[in-house]
Each structure stands twice: as C-alpha cells, then as structure tokens.
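Chain residues, written in single-letter form:
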Amino acid sequence: MTDERPAPEERRNFYGRIHGKTMRPSQKAYLAEDLGALRPAGVSRAENPERRLLDPGAFFGDDRPLWLEIGFGGGEHLVHMAARHPGVGLIGCEPFINGVAMLLGKIRAAGVTNLVVHPGDVRDLMEVLPPASIARAFLNYPDPWPKRRHHRRRFVTAGHLVPLARILEPGAEFRVATDIPDYVRQTRIETPPAGFTKTGDGPVPWEDWIPTRYEQKALREGRIPHYLTFRRNAGRAPAQNLSP
C-alpha cells in the first residue's frame, strides 16, 4: 500500500486550549502514574522526527478494529464506547491536559483496557498512521469557532478531513455531533469533497450514543443537538491542498 501523506509541515499552528484550571491531586496522580502506559510511542515530532508510519497492531497486540475519537473532552463517550465494544481498540486524542486527566480517572473507575491516549494534536497522529487503518471516527462537540474569520480553524475543513479520509478504511463510519447550526452547515458542505458520503443527518442520536457533558450543557442552554453520519468512499482520498 502506498503512503499518500502530504509532506509534513515544519510548523503548525494550534489554536485550542492546552491547560486549564489547577488540577486536583488525584488528577495529577493519574497523569503521573497512568498516562505513560497508555500513550502510543512515535506520535510526537520529538519522538519521530522522520515521521515514520506506526504499526497499528502494536497498540493492542492484535489486529482488532481501531476507532478514533478526535477531541474527547472529559472522556465520557470514549470510555462508554470502550466498555460497550470490548473487541475494539479505541484511540483518543485530546490536547487539553485537564481533559486527559479526567479521562484517566474514568478509565480507572471503569476498568477498561482497550484504550490508548494521545495527549496532543490529532494531526500529529493522523500523519503517522498508515492508510486505511481506522475503522470508525468520532467528532463530538468540537470547538465551534463561532466567528466567521475563525471558521477555517474548525475540524471540518479540508486540512483535517483529507488526512482523516486517508487513514479511514473504505466504508468506515465518521460521526459528528454538534449543537451549532453553522457547524452543521459547514460539515455538510466540506465533508463530501474530502472523500465521504453522508448517510445520516438529524436530531436522533446513534443507538450506542451517550450524552456528554457538553451535550448536557447545550440542552440546559436551549440548543438542539444534531448528529451527522458519513461513510468513507472507496478509492483514494483527494490530494490535500496545503496552500493558504
């Protein structure tokens, strides 16, 4: 299988939060004691400056299907899916270290063992995953970037969606949950040209869905959740245009 990755960028802007309020001692302990064993090696540029492709089978020691959650927030959905689908390997990406600590506490409480955690930018992980190595992907309540001039920072742009299509298997499912109508609009427009076909679009969640804390906040504030489902098309993903 050929490697169709774009050339890695020397510098990459990141606009989200990395640190929040001071963590509790227990959360600091989770990071110190648990994260090292759950963190896949070779993702960061410091560990893998040549950007060699990883072996996905090394994550769990077998050839189980791999699912990817992009920005897992506090980890409710990720742990729920790991417990509900024990034969699947879950990869969670989240640069916000407070959210990573929250997830680690939930992993301890649930006792799930089919999870790995990348505490950083999902673009770094997508860059070193082989083509067609992920069987399902989730994007739940992503940062809405509400100002028009910031819409290019949203995940549902070609710079994120084309690399995602590259690592998804043909026919793989991509789920998006959001309470922002304009995010729904942009998702509908930008996802199909990146190599996806829409198969679901509406207010009814998936059968195995669990409401996240972000969804509960949206409902309290009177916003209506929306759920979109896409399938990765057969064939090659479109080439990524790296020009501004």
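Below is a summary of the structure that appears in this document. As the structure is a computational prediction, the values presented were derived from the model and not from experiment.

Cut-off values and rules
- Residues numbered from 1 in each chain as written.
- Predicted model: local features only at pLDDT ≥ 70, side-chain atom pairs only at ≥ 80, totals over all residues.
- Heavy atoms only, no water.
- Helix = DSSP H or I, 4+ residues; strand = E, 2+ residues; numbered from the N terminus.
- Buried < 20%, exposed > 50% of the residue type's maximum accessible area, 1.4 Å probe, protein only.
- Contact = heavy atoms within 4.5 Å.
- Areas by Shrake-Rupley, 256 points an atom, 1.4 Å probe, with all protein chains shown as cover.
- Axes fitted to C-alpha atoms, helices over the stretch in contact; angles between N-to-C directions.
- Parallel < 35°, antiparallel > 145°, perpendicular 65-115°, else oblique.
- Nonpolar A, V, L, I, M, F, W, Y, C, P; charged D, E, K, R; others polar.
- Expected span 1.5 Å × (residues − 1).
- Bend = angle between axes of the 7 residues up to and from the residue.
- Pairing = 2+ DSSP bridges.

**Digging into the overall build of the chain**
Here is step 1: When helices and strands are counted, the chain shows eight helices and seven strands.
Here is step 2: Expressed as a percentage of its 244 residues, the buried residues of the chain come to 52%.
Here is step 3: Residue pairs at least 24 apart in sequence account for 81% of intrachain contacts in the chain once pairs closer than 6 positions are excluded.
Here is step 4: Taken as a whole, the chain presents about 12100 Å² of accessible surface, with 54% of it coming from carbon and sulfur.

**Looking at the packing of helix α1 (residues 25-38) against helix α4 (residues 97-110)**
Here is step 1: The geometry of α1 relative to α4 is characterised by a closest axis approach of 9 Å and an angle of 80 degrees between their N-to-C directions. Compared by their axis directions, α1 and α4 come out roughly perpendicular. In contact with Gln27, Ala29, Tyr30, Leu31, Glu33, Asp34, Leu35 and Leu38 of α1, α4 contributes Ile97, Val100, Ala101, Met102, Leu104, Gly105, Ile107 and Arg108.
Here is step 2: Looking at the contact of α1 with α4, its residues break down into eleven nonpolar, two polar and three charged.

**With respect to α1**
Residues spaced three or four apart along an α-helix point in a common direction, a consequence of the helix completing one turn every 3.6 residues.
Here is step 1: Helix length check: α1, at 14 residues, gives a terminal C-alpha distance of 20 Å against a target of 20 Å (1.5 Å per residue), a fit within 8%.
Here is step 2: Maximal helix bending in α1 amounts to about 35 degrees, located at alanine 32.
Here is step 3: Within the span of α1, buried status applies to Gln27, Tyr30, Leu31, Asp34, Leu35 and Leu38.
Here is step 4: Contacts from the buried residues of α1 go to α4 and β3 (115-118).

**Thoughts on unusual backbone geometry**
Here is step 1: Backbone geometry at arginine 51 places phi at a positive 55 degrees, although glycine is not the residue there.
Here is step 2: Here alanine 132, not a glycine, exhibits a phi torsion of approximately 55 degrees, which is positive.
Here is step 3: Looking at the secondary structure, you find alanine 132 in the loop between α5 (122-128) and β4 (134-140).

**Some words on the sheet that holds strand β2 (residues 89-93)**
Here is step 1: Taken together, the seven strands give an open sheet; going across it, the order is β3-β2-β1-β4-β5-β7-β6, and neighbouring strands pair in mixed fashion. The open sheet has two free edges, formed respectively by β3 and β6 (196-202), since each of these has just one partner strand. For this sheet, the mean angle separating the axes of adjacent strands, direction not counted, is 15 degrees.
Here is step 2: In the packing of helix α3 (residues 76-84) onto the sheet, contacts are made with β1 (66-70), β2, β3, β4 and β5 (168-178), and the angle to β2 comes to roughly 170 degrees.

Nothing here speaks to function; it is geometry throughout.
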